[in-house]
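Breakdown of the fold
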There are 2 protein chains.
Amino acid sequence: MLAITVKMHVIASMLDSSPDQTRTPSAATTRLWIALMRTQRILLAAIEQDLKAADLPPLGWYDVLWELVRAEKGRLRPFEIEAHTLLAQHNLSRLLDRMEEAGLVRREVFPQDGRGRWVLVTEAGRAMQQRIWTVYGASIERHLGEKLADADADQLAGQLARLIRG
Amino acid sequence: MLAITVKMHVIASMLDSSPDQTRTPSAATTRLWIALMRTQRILLAAIEQDLKAADLPPLGWYDVLWELVRAEKGRLRPFEIEAHTLLAQHNLSRLLDRMEEAGLVRREVFPQDGRGRWVLVTEAGRAMQQRIWTVYGASIERHLGEKLADADADQLAGQLARLIRG
DNA sequence: CATACATATATGCAATTGCATCCATTTTGA
DNA sequence: TCAAAATGGATGCAATTGCATATATGTATG
């Protein structure tokens, strides 16, 4: 499976990235780092609070549901969800436990590989994804969308994305 | 004390911010939200990993040490640290337990208010702050600083800051 | 000035996360 | 072909976090 090759390559490239202990960031870089951390934390806290106020589960649940809903046949392998959501493997495994317990997803065997599983979203899961989006989307709009024009948002998103590509 | 007035004002303003459930974010806003979350998470994970690889404590410890080192007389009240670092009160309280146990800070009574405490950074704490910065700074530079020019960083930091002001 | 309310900090307990490791299955390659 | 290495996923246990509440003290109000 192609994923194997990719993974080994990724790991190998990560291993040789030992920090150069001699360099120091510029004041501008440091300001950007702090701004990035603070902005994300404050917005995330505000949005998570809106979800909690509406008696909805935390964002991680939404991320998983969204990936499943948009996936073909409403199913993915755990490692695919992991890659999309950036959740750690063991955290995802347990998040899926909770979501399965809540009836939002189901796990089934993956016949082509005895180690694997399918994770499928249930009807209740689809309904929950939509219910969460009602609140989540409104919250994103209120805390973020209202603060800037779409053109600025797009440009800013592009600049942020460049920080982690290449 | 001024802090009282501020707090009540902040709480009051937060309480009336009920989400408008009817609005939905634009595609641009949603892209920005996702970019912000992903970029912050990926960079933070990379940097925390560098710290761990150097056998240093997590970033929260640095944030507290930094606030104390820069503060007059190397001391602050817990609620001041809380405000600067965005740590939750109970989390800070326990973080300070651990840091005190590690000999990096000390708690002393605050005579002017029987409820309060001083948190002071020790010599070991100052040394640790510098030791962490060696690695942390290099890591910021490598993961972030190298990706863009200072002018771009400054501009980007300004745009991010605008998202949480007003 | 007494009573109710606010503030500063701490803490018990449950839920989540991190870490290491385990298990079962592929895949690789001598 | 078969042992060694890699993968996909789960799990035991410790550390951290979240949540509610406790404790002590300060401030305001009738």
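Preceding block: the structure.
Structural notes, computed from the coordinates. (Residues numbered from 1 in each chain as written. Chains lettered and ligands numbered in written order. Predicted model: local features only at pLDDT ≥ 70, side-chain atom pairs only at ≥ 80, totals over all residues. Heavy atoms only, no water.)

1. With respect to the overall build of chain A
- A count of helical and extended segments in chain A gives 7 helices and 3 strands.
- Start at the N end of chain A and walk to the C end: the helices and strands fall as α-α-α-β-α-α-β-β-α-α.
- For chain A, the residues scored as buried account for 41% of the 166 residues in total.
- Counted over contacts in chain A with a minimum sequence separation of 6, partners at least 24 positions apart contribute 55%.
- Of the roughly 9,400 Å² that chain A leaves accessible, carbon and sulfur atoms contribute 55%. (Helix = DSSP H or I, 4+ residues; strand = E, 2+ residues; numbered from the N terminus. Buried < 20%, exposed > 50% of the residue type's maximum accessible area, 1.4 Å probe, protein only. Contact = heavy atoms within 4.5 Å. Areas by Shrake-Rupley, 256 points an atom, 1.4 Å probe, with all protein chains shown as cover.)

2. Description of the nonpolar core
- Counting 80 residues, the largest nonpolar core has Trp33(A), Tyr136(A), Trp33(B) and Tyr136(B) as the members making the most contacts within it.
- Aside from chain neighbours lying at most four places away, what touches Trp33(B) is Leu43(A), Leu44(A), Ile47(A), Leu59(A), Tyr136(A), Ile140(A) and Leu144(A). (Core = buried A, V, L, I, M, F, W, Y, C linked by side-chain atoms within 4.5 Å.)

3. What to know about the sheet that holds strand 1 (residues 75-76) of chain B
All names here are of chain B.
- On the basis of which strands lie adjacent, the open sheet formed by 3 strands has the order 1-3-2 and antiparallel pairing. Only two strands of the sheet have a single neighbouring strand rather than two, namely strand 1 and strand 2 (105-109).
- Sheet analysis places strand 1 next to strand 3 (residues 117-121), joined by 2 bridges and oriented antiparallel. Across the sheet, the residue bridging to Leu76 is Val119, located in strand 3.
- Running over the sheet, helix 5 (residues 89-101) touches strand 2 and strand 3 and is turned about 115° from strand 2. (Pairing = 2+ DSSP bridges. Axes fitted to C-alpha atoms, helices over the stretch in contact; angles between N-to-C directions.)

4. Some points on the pattern of salt bridges
- Following the criterion strictly, the structure yields 18 salt bridges over all chains and no others.
- For Glu141(A), the salt bridge is made with Arg23(B), and the minimal N-O distance between the two is 3.5 Å. Placement of Glu141(A) in helix 6 (residues 123-143) and of Arg23(B) in the loop between helix 1 (2-15) and helix 2 (27-53) is noted, with the two residues assigned to different chains.
- Residue classification places Glu141(A) among the buried positions, given a relative accessible area of 8%.
- Residue Arg107(B) is joined to Asp97(B) by a salt bridge in which the shortest nitrogen-to-oxygen separation is 2.1 Å. (Salt bridge = Lys/Arg side-chain N within 4 Å of Asp/Glu carboxyl O.)

5. Let's talk about the protein's contact with DNA strand D
- In the vicinity of DNA strand D lie 22 residues, with Lys52(A), Phe79(A), Gln89(A), Arg94(A) and Asn91(B) positioned nearest.
- Those atoms of DNA strand D that come within 4 Å of the protein belong to sugar or phosphate at a rate of 58%.
- In this structure, Arg117(A) approaches DNA strand D through a main-chain N or O atom, which is 3.1 Å from a phosphate oxygen.
- Looking at the surface near DNA strand D, its residues break down into 4 nonpolar, 7 polar and 11 charged. (Near = heavy atom within 4 Å. Polar contact = N/O pair within 3.5 Å; in protein donor to acceptor, adjacent residues only side chain to side chain. Nonpolar A, V, L, I, M, F, W, Y, C, P; charged D, E, K, R; others polar.)

6. Brief notes about the relation of the copies chain B and chain A
- Mapping chain B onto chain A calls for a screw motion: a turn of 180° about the axis and a shift of 0.0 Å along it, with 0.0 Å RMSD after fitting. The superposition of one copy onto the other is thereby described by a two-fold rotation axis. For chain B, the residue whose C-alpha comes nearest the rotation axis is Gln40(B), separated from it by 3.4 Å.
- Here 97% of the interface residues in chain B have copies in chain A that are interface residues too; the copies meet face to matching face. (Least-squares fit on C-alpha atoms with pLDDT ≥ 70 in both.)

It is worth stressing that arrangement in space is one thing and function is another; only the former is reported here.
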